[in-house]
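Structural description and commentary
In case you want the letters, here they are:
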Amino acid sequence: MASTPGGHVDIERLASRLRMLALQRPEAWLDLDLTMPQLRMLFTVRRRSGCTVSELAETLGRRLAATSALVNRLVRAGLLHRTSDRDDRRRIRLRLTDEAEQLLSTVDQRSADRFAAILGRMSEPGRAALAEALTELIELVSSDLAEGPVRSAPHRAQEGRP
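This brings us to the overall build of the chain. Broken down by element type, the chain carries six helices and two strands. Its helices and strands in sequence order give the chain the pattern α-α-α-α-β-β-α-α, from N to C terminus. Looking at the chain residue by residue over its 162 residues, the buried ones come to 21%. Residue pairs in contact within the chain that sit at least 24 positions apart in sequence constitute 46% of those at least 6 positions apart. When the accessible area of the chain is evaluated, it comes to approximately 11900 Å², of which 55% is carbon and sulfur surface.

Structure below.
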């Protein structure tokens, strides 16, 4: 198991590895006639509804021109709406269409079903330990949210990580 120098399990790396493993089985999205970058973009717009193309490019770590081209394809496919900002009509905001929402809900359900099947193969002690750890994490995150603004965390480069 990956550990930090202090001996703590590196949760961030484990979560990243879990996400990468989940993408290795594309049954949840392969038949949807979307590329992985398009699907990722739709999930990002869902999470950041109302973002601009430049905000989306920054979030995804992509060039603005490439992001804009992909947004154009998704608009033509009927999966994204462009709307004018109420306060600044020059600023264009992105939102999912109903069709995109349904599509992402399908991907979510398929992924949840697959994950449930995998958890069903996990040992009972493993499931119990996972449930206990996730419960504690949820309580801590909920408590942190209730406390107000997040204290700034050091940037990865400052921690000696890439």
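From this point, the discussion proceeds with the structure in view.
A separate point is helix H3 (residues 53-60). Those residues of H3 that sit buried are Val53, Leu56, Ala57 and Leu60. Along H3, the residues classed as buried sweep out an arc of 100 degrees about the axis, all on the same side. Buried positions along H3 lie against helix H2 (36-47), helix H4 (64-76) and strand E2 (92-96). Immediately downstream of H3, the backbone of Gly61 shows phi near 70 degrees, a positive value.

So, on to the side chain of Thr67. Position of Thr67 relative to the elements: it lies in helix H4. Among the polar contacts listed, one links the side chain of Thr67 to the backbone oxygen of Arg63, at a separation of 2.9 Å.

This brings us to a positive patch on the surface. Taken together, the side chains of Arg40, Arg47, Arg48, Arg62, Arg63, Arg73, Arg76 and Arg82 define a basic patch exposed on the protein surface. For the positive patch, the elements supplying multiple residues, two or more each, are H2 and H4. Residue Arg73 is classed as partly exposed on the basis of its relative accessible area, which comes to 43%.

Positionally, Arg73 belongs in helix H4. Between the alpha carbons of Arg73 and Gln38 there is a distance of 8.9 Å; along the sequence they are 35 residues apart.

The rules behind the values
Residues numbered from 1 in each chain as written. Predicted model: local features only at pLDDT ≥ 70, side-chain atom pairs only at ≥ 80, totals over all residues. Heavy atoms only, no water. Helix = DSSP H or I, 4+ residues; strand = E, 2+ residues; numbered from the N terminus. Buried < 20%, exposed > 50% of the residue type's maximum accessible area, 1.4 Å probe, protein only. Contact = heavy atoms within 4.5 Å. Areas by Shrake-Rupley, 256 points an atom, 1.4 Å probe, with all protein chains shown as cover. Arc of directions from axis to C-beta. Polar contact = N/O pair within 3.5 Å; in protein donor to acceptor, adjacent residues only side chain to side chain. Patch = residues over 30% accessible without salt bridge, like charges linked within 9 Å, V, L, I, M, F, W, Y side chains within 5 Å. Salt bridge = Lys/Arg side-chain N within 4 Å of Asp/Glu carboxyl O. Lys, Arg positive; Asp, Glu negative; His and termini not counted. Charge placed at Lys NZ, Arg CZ, Asp CG, Glu CD.

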